[in-house]
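Residues per chain are reported as follows:
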Amino acid sequence: IKQVFCFLSLILYKIISIMQGFAQRLARSGLFKPSNSSKLQWRPRTYSAGAEQKVSQGAGAQASKYALSPEQIAIEYERSKRNIKRSQYLLFGGCLVSGAYAYILMRSSKPLDIDALQKKDPVKDYEAVANAIAEVLDNSEYDDGSYGPVLVRLAWHASGTYDKNTGTGGSCGATMRFAPECEHGANAGLAVARSLLEPIKQQFPWISYGDLWTLAGKIAIEEMGGPTIPWRSGRKDAPDGTYCTPDGRLPDASLGAAHIQDVFGRMGFNDRETVALIGAHTVGRCHTDRSGFVNPWTNAPTTFSNLFFQELTTRKWRKKKWDGPVQYEDETKELMMLPTDMALLWTRKYKAIVNEYAKDQDAFFKDFSSAFSRLLELGVSFPEDSVPL
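Every chain's residues receive numbers from 1 upward, in the order its sequence appears when written. Confidence filtering applies because this is a predicted model: local features only for residues at pLDDT of at least 70, side-chain atom pairs given and counted only at 80 or more, and all residues used for totals across whole chains, interfaces and linings. Just so you know, side-chain values use all the structure's heavy atoms and leave hydrogens and water out.

A. Local environment of the overall build of the protein. Along the backbone of the protein there are 15 helices and seven strands. Burial status follows relative accessibility: with a 1.4 Å probe on protein chains alone, a residue under 20% of its type maximum counts as buried, one over 50% as exposed, and anything between as partly exposed. Buried positions account for 41% of the 389 residues belonging to the protein. Residue pairs in contact within the protein that sit at least 24 positions apart in sequence constitute 69% of those at least 6 positions apart. For the accessible areas, the method is Shrake-Rupley and the probe is 1.4 Å, while residue cover comes only from the protein chains on display. By element, 54% of the accessible surface of the protein is carried by carbon and sulfur atoms, the whole surface being about 21800 Å². Counting from the N terminus, the helices are the DSSP runs of H or I reaching at least four residues and the strands are the DSSP runs of E reaching at least two. Should any heavy atoms of two residues lie within 4.5 Å, those residues are counted as being in contact.

Next up, the structure:
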C-alpha cells in the first residue's frame, strides 16, 4: 500500500507539471482578452484576417475598448507567471510532504509482501471434511468392519467432560490431545480414532480438532443409519494440557443409577436425555484391552437403531462368570450389558423411557438427535460466522 501511494504521488506530480506547462504556453499565446465587467475576467479572443490591423487603424471606440496594448499584455503576462509560480510551489510542496510521509512509513514498517497479498483465506468447506470422514469409516480389518462406533465414542468423550457448575470441559479445546486426559482410563483406545482423523486434519488444517472430532461423531451416526445430528462449527483448540479436565468426569460403566444421575446431571441433562445418550451403546463393542469389558451390545454393532433397548428389555441377562469386571451376558453368551445399562432397567424413572424407546425408534431418534447435538455443544461459545451442517 505504501509503495502504491508513492507511485500515485509521482504520477500526480507528473500530471501537475504537464498542466503547468500547458497553462504557461496558453498565457504566452495572448489568446485572452478582458471582459467588460468590473473584475478582470479572461475569455478567448477570436481572430479573423486583418483583425489586428482593424484595431490599430482605430476601427472605432467600441472595438478599441476590448483590445489590450502591448504594455497591458506584458503586465498581465507577468501577473499570470507569478500566479502559476505560486501554484507550482504549493503543488510541489504537497507532493514533497506526501513523499516524505510515505518514506517514513516504509522505513518504520515491514516492506510490502506481495506474496502475502496474493494468499487468500482458505475456503472452509465443511462438506468436504464430512465427505473425507465418510470415506474412511469402512474398514474390514477393524473390529466389525467400521470405525463409526469408535468415532462416536471419541465425540462423546471429548464432549462429556463438561461441568455446568464450573463451566469447564466440553468439546471446545479438544484437550484429549494432551496428557493426562488422553491417558484417563475412560479414554483408553481412543488414540485409534484420533490417529484415523489426523490425515484429514492435515488435509484441512483450518478446521479445529474440536470441530473435527465432533463432526466425525455426527457423520458416523448418520452413515450408520442413525438420525441427522444438528452440528455447527466454531470450537477453538486449547494450546496445551493445562486445560485438561480432571479424571472421573466421564461415566464409569461399573457403577449404578446414582452415578448415572450424578454424571449426566453435572452436564445439565434430564432423565430422558440421559437414557437417549446411553442409547449410543446400540453401536460398537467393548474390548478387554480398553475398558476391560468384552463383546458387543447387539448383533448389528455397526447399525445405529433402537436395537439396544430391544435387547435390553427382551433378553434374559445374567452375570458373566469370568475373571474380568462385572458385566452381564445373554443366553448366547455373545452379547453383553454393562452395570450402567442394567441400572436403566432397575430404576423406575429410567425403565419407562427404555420401554418407550424399545417400541418406538422414531421417538428414540428424535430425542437422541437433540441430546447428542447439545452434548457436542456443551461449553462452546459459538462465533457469529459459525457454519451449520
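What follows continues from the structure just given.
B. Inspection of the sheet that holds strand 7 (residues 336–337) at higher detail. In this description, strands pair whenever DSSP reports at least two bridges between them. Strand order in the open sheet formed by three strands is 5-6-7, and the pairing between neighbours is antiparallel. Each edge of the open sheet carries a strand with a single partner, namely strand 5 (318–319) and strand 7. Where strand 6 (residues 328–329) lies against strand 7, two bridges are found, and the strand directions are antiparallel. The partner of Glu 329 across the bridge, within strand 7, is Met 336.

C. Main features of the environment of Leu 196. Among the structural elements, Leu 196 can be located in helix 8 (residues 191–203). Residue classification places Leu 196 among the buried residues on the basis of a relative accessible area of 16%. With sequence-adjacent residues up to four places away left out, Leu 196 is seen in contact with Val 136, Tyr 147 and Leu 151.

D. The arrangement of the packing of aromatic side chains in detail. Aromatic rings from Phe, Tyr and Trp, with only the six-membered ring used for Trp, were paired whenever their centres fell within 6.5 Å, and each pair was classed as stacked if the ring planes differed by under 30 degrees, edge-to-face if by over 60, and tilted otherwise. Going through the model one piece at a time under the given rule, you end up with 17 aromatic pairs. Here Phe 304 and Phe 368 contribute two aromatic rings whose centre-to-centre distance is 4.9 Å and whose plane-to-plane angle is 50°, an arrangement assigned as tilted. Taken together, the positions of Phe 304 in the loop between strand 4 (295–296) and helix 12 (307–314) and Phe 368 in helix 15 (residues 361–377) put the pair 64 residues apart, joining distant regions of the chain. The burial state of Phe 304 is the same as that of Phe 368; both residues are buried. An aromatic cluster is present here, built from Phe 304, Phe 308, Phe 309, Tyr 357, Phe 364, Phe 365, Phe 368 and Phe 372 joined pairwise through their rings.

E. Layout of unusual backbone geometry. Cis geometry is adopted by the peptide bond preceding Pro 180, which originates at Ala 179 and carries an omega value of 10°. Among the structural elements, Pro 180 can be located in the loop between helix 7 (148–159) and helix 8. A positive phi angle, near 45°, is found at Ala 174, a position not held by glycine. Along the chain, Ala 174 turns up in the loop between helix 7 and helix 8.

These results come straight from atomic positions and should not be treated as a statement about function.
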